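Residue-level structural notes
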Amino acid sequence: MRRFMEPPRDAVLNDRYVRVLQGFRFWGGLGIALFLRAPALMRHEGDWIARWALDGLVKLLITPVLLLAGVPLVVGVFIACARPVRRTRMRAKLRGPLIAVAAFLGHIVPAAGGVVGMLLVVSTYGVGSAWSVLALLGCVVVAGRGAAFVWFAVPAISRHMFRTVEVHQALPALLTVVLAWELVIQGSLFSASGPSDHPWLPVGGALATTAVAVFEIHRLATRHGIRLRG
């Protein structure tokens, strides 16, 4: 998994503060968004803890999908806005992100197919025959392999955002900001735990993520001389 989702060592800055910021801007922003969601759910009847946990699970599962949708757009705009002398170099480094995206899709698509296959086998044939049991076990193996890959890939994705750090050190921070606001939109349009009395509360997590990303980009510029346009 690491050879697909982790960038080469020489592409990662040896900066302890940047590593801490990389972890906090992703998990901290997501955690703040969930924390701010809890008080609104507590005022509703029923098992608010289960609804809160379900909302967090949905956000965690939808995060890679939102990232896959945002990575091409953000990277494309970033390269287009870079200085002409830098564009060719950035395009030459797109191989790493493309490998990471292909590896992720190569596992998540069969995993989703395995889940759909299990549902079809059980609903159509049940588990009364040996063939249906074998087909069900095959679907479980495929879905489990994909789920395991995603489980172990998420930490690398949270820090390096599908190896976009190879293109530019600031891209993971920018992608996290886009992701944070995508989650705000997702929460306002659809939430597994139902509508909130205060739909503006998740904005706090996005604002915290944005602030951390801005600080990270500032440190890259002042400490390492890495600026957004080259």
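Residues numbered from 1 in each chain as written. Predicted model: local features only at pLDDT ≥ 70, side-chain atom pairs only at ≥ 80, totals over all residues. Heavy atoms only, no water.

1. What about the pattern of salt bridges?
As enumerated under the stated definition, the model contains two salt bridges in all. A salt bridge links Arg 219 to Asp 15; the shortest N-O distance between them is 3.1 Å. Taken as a pair, Arg 219 in helix H8 (residues 203-224) and Asp 15 in the loop between helix H1 (2-5) and helix H2 (16-42) lie far apart in primary sequence, 204 residues in all. Residues Arg 219 and Asp 15 agree in their burial class; the two are buried. The shortest N-O distance in the salt bridge between Glu 166 and Arg 163 comes to 2.5 Å. Each member of the pair, Glu 166 together with Arg 163, is buried. (Salt bridge = Lys/Arg side-chain N within 4 Å of Asp/Glu carboxyl O. Helix = DSSP H or I, 4+ residues; strand = E, 2+ residues; numbered from the N terminus. Buried < 20%, exposed > 50% of the residue type's maximum accessible area, 1.4 Å probe, protein only.)

2. As for unusual backbone geometry
Glycine aside, negative phi is the norm for most residues, and most peptide bonds take the trans geometry. The backbone of Met 161 shows a phi angle near 50 degrees, a positive value even though the residue is not glycine. In this fold, Met 161 is placed in the loop between helix H6 (130-160) and helix H7 (171-189). Judged by relative accessible area, which is 0%, Met 161 ranks as buried. Backbone geometry at Arg 163 places phi at a positive 60 degrees, although glycine is not the residue there.

3. Some points on the confidence of the model for the protein chain
Here the protein chain shows a mean pLDDT of 80. Residues at 70 or above account for 80%. Per-residue pLDDT, averaged within each element of the protein chain, yields its smallest value for H2 (72) and its largest for helix H4 (residues 84-92) (88). (pLDDT = per-residue confidence, 0-100.)

4. As for the packing of helix H5 (residues 95-124) against H6
Between H5 and H6, the shortest axis-to-axis distance is 7 Å and the interhelical angle comes to 145 degrees. When the axes of H5 and H6 are compared, the crossing they make is left-handed. Along the lines of polarity and charge, the residues of the contact of H5 with H6 split into 19 nonpolar, five polar and one charged. (Axes fitted to C-alpha atoms, helices over the stretch in contact; angles between N-to-C directions. Left-handed = near helix turned anticlockwise from the far one by under 90°. Nonpolar A, V, L, I, M, F, W, Y, C, P; charged D, E, K, R; others polar.)

5. Quick look at the packing of aromatic side chains
A full pass over the atoms with the stated rule returns one aromatic pair. When the centroid spacing of 5.5 Å and the interplanar angle of 85 degrees are considered together, the rings of Phe 104 and Phe 162 count as edge-to-face. With Phe 104 in helix H5 and Phe 162 in the loop between H6 and H7, this pair connects stretches of sequence that are 58 residues apart. Assessed through its relative accessible area of 2%, Phe 104 is described here as buried. With relative accessibility at 1%, the residue Phe 162 sits in the buried group. When the ring centre of Tyr 17 is taken as reference, the NZ or CZ atom of Arg 16 above it lies at 4.9 Å. (Phe/Tyr/Trp six-rings, centres within 6.5 Å; stacked < 30°, edge-to-face > 60°. Lys NZ or Arg CZ within 6 Å of the ring centre and 35° of its normal.)

6. Considering the nonpolar core
Grouped together as the largest cluster of nonpolar side chains are 28 residues, with contacts concentrated most on Met 5, Phe 104, Ile 157 and Phe 162. Elements supplying a minimum of two residues to this core: helix H3 (48-81), H5, H6 and H7. Considering each element in turn, this core owes the most residues, eight residues, to H3. Those residues in contact with Phe 104 that lie beyond four places of it in its chain are Pro 64, Leu 68, Phe 149, Val 150, Ile 157 and Phe 162. Membership of the second largest hydrophobic core comes to seven residues, among which are Val 18, Ala 170, Ala 173 and Ala 213. (Core = buried A, V, L, I, M, F, W, Y, C linked by side-chain atoms within 4.5 Å. Contact = heavy atoms within 4.5 Å.)

7. A closer look at H5
Taking 1.5 Å per residue, 30 residues should reach 44 Å; H5 reaches 43 Å between its end C-alpha atoms and fits that length. Listing the buried residues of H5 in full gives Gly 96, Pro 97, Ala 100, Ala 103, Phe 104, His 107, Ala 111, Gly 114, Gly 117 and Val 121. One or two residues past the end of H5 sits Gly 126, with phi positive at roughly 70 degrees. (Expected span 1.5 Å × (residues − 1).)

8. A look at the side chain of Ser 158
Along the polypeptide, Ser 158 turns up in helix H6. Once residues lying within four places of it in the same chain are set aside, the contact partners of Ser 158 are Gln 22, Arg 25, Phe 26 and Trp 27.

9. A word on the environment of Leu 68
Inspection of the secondary structure assignment puts Leu 68 in helix H3. Taking C-alpha positions, Leu 68 is 8.7 Å from Phe 162, a pair spaced 94 residues apart along the chain. Leu 68 has contacts with Val 101, Phe 104, Leu 105 and Phe 162, leaving out every residue within four places of it along the chain.

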